[in-house]
Amino acid sequence: MTEDQRPAAATGTPRPGSGSDRAAASVKHLAGASSAARKVAGARRNPSVVGYDDTVPSWLRTAAGWSWRLLLIVAAVALIFFATAQVQLVFVAVFLALVITSVLRPVTDLYAKVMPRGLATALAILSALLFIAGLLTYVITSVAGQWQSLADQFDQGIEQIFDFLENGPLPVTITADDVNEWIDNGRQWLTEHGGDIASQAAASAGSVFEAFAAIALAIFCTVFFLARGKDMWTWFLNQLPARSRDSWKIAGGAGWYTFSGYARGTVIIALVDGILAGVFLAILGVPLAAPLAVLVFIGAFIPIIGAPLAMIIAAIVALAAKGIVIALVVTIGIALIGQFEGHVLQPLVMGKQVSLHPVVVAIAVTAGTLLAGILGAVVSVPLVAVAWSVFSRLRHKDPPMEEDIPTAKEIALGDAGRTAAEDAPA
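In this text the structure is predicted, and so the values were computed from the model without any measurement. (Residues numbered from 1 in each chain as written. Predicted model: local features only at pLDDT ≥ 70, side-chain atom pairs only at ≥ 80, totals over all residues. Heavy atoms only, no water.)

Turning our attention to the pattern of salt bridges. What the rule picks out here adds up to four salt bridges. Of the charged contacts in the structure, one is a salt bridge between D109 and R117, with a shortest N-O distance of 2.7 Å. Where R228 meets D231, a salt bridge forms, and the shortest distance between an N and an O atom there is 2.7 Å. Taken together, the residues R228 and D231, both in helix 8 (residues 194-238) and three residues apart, mark about one turn of the helix. A relative accessible area of 40% places D231 in the partly exposed class. Within the structure, one salt-bridge network assembled from shared partners comprises R105, D109 and R117. (Salt bridge = Lys/Arg side-chain N within 4 Å of Asp/Glu carboxyl O. Helix = DSSP H or I, 4+ residues; strand = E, 2+ residues; numbered from the N terminus. Buried < 20%, exposed > 50% of the residue type's maximum accessible area, 1.4 Å probe, protein only.)

Formed by L281, V286, L288, A289, L292, A314, V317, A318, A327, V330 and I334, the largest nonpolar core amounts to eleven residues. Counting residues per element, the ones that place at least two in this core are helix 10 (289-299), helix 11 (306-322) and helix 12 (324-350). With sequence-adjacent residues up to four places away left out, A318 is seen in contact with V286, G323, I326, A327 and V330. (Core = buried A, V, L, I, M, F, W, Y, C linked by side-chain atoms within 4.5 Å. Contact = heavy atoms within 4.5 Å.)

We now examine the UniProt feature "transmembrane region" (unreviewed entry) in the protein chain. In this structure's numbering, the residues bearing the UniProt feature "transmembrane region" (unreviewed entry) are residues 66-83, 89-107, 119-140, 208-227, 267-286, 292-317, 324-340 and 360-391. When the span residues 267-286 is considered, its composition is 90% helix and 0% strand, and the gap between its end C-alpha atoms is 25 Å. Within residues 360-391, the helical portion is 100% and the strand portion 0%, while the C-alpha atoms at the span's ends are 15 Å from each other. (UniProt positions renumbered as here; feature names shortened; annotations may be inferred.)

This is the structure in structure tokens:
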């Protein structure tokens, strides 16, 4: 073997591109520097050299590293919320368009089997509009047909309520004079604050215009999402670098699967709840059964708080029209419908598409309500479900632990506590 064929380690000459060359290049800028400067630079690259500052505990360095990362995440989330608040109307319109698209997508695909996609989209949207118009017509006609008898029943029911409050077993009595005094105070308050109410009504007129604008934009976006949604998604992916397209495809597929499953499942569950509530109230002879059923249908879209609010309103109507016994029956019946929804409909309709723990749902709804009111309560659960679905799909999960987690007492006492727990009689 000639000298040229010997390994670089044998000849003592560093091979080009080896670690020695890289080390020499990394300290090339320190040529002419003092020994103290070289020691500091070496400490930065190699903590094991003399002069490395190890006075900071490792747990504090780890906590500091996690802290600035968490601060960056919080800042990014806050920026997203701030940007969304600036274009809230657009966000609401796009969110509503995605909900409508997820509900009408199966109908559009069914129509598209026998007609062009554009015509199928128009027919699906027309079918949805006819369904909503028919529902509203039914509610209005039912209210108009029951109005006279409803007024008489309300008068009798209110008299019974006042009689119960005045002469009933409650420790607090409320007389008709007290009610008249409250009514007079209310009238006086309305007289004093008439200007403020008028200004708020004018502001509400602007909100109504914004609501119509959001609905119009949502319908406009829905048309394109239904007709060309796949082409739009493909165009977006083609604008990304090739190395990141697979991740976006996985995230988009998982997110849309969860979101569409949640939206369609919520609509189906709300429809079943409304039908059951309407039939139940009609059997009991409670007036306004159809509007109350629609109210239950709408309340089902707001997790946790929507159904109880609808139940309270239905119970108040039953109390005023039919008395306290029917009101209690209505309360129990709608509560049973809620239990049927949570334990039967939710697992049956949604399955594993939205696998969130009830604690997570409660926290998400509370946080969304505090941040954005009713709108936040409506959108918080699907957004959290989509985020968790995407995270679960993209993360690399380690295998689960094989042994059970020790109790807090066993951890605190160490091996002695674990041994004592195992030796304790069953």
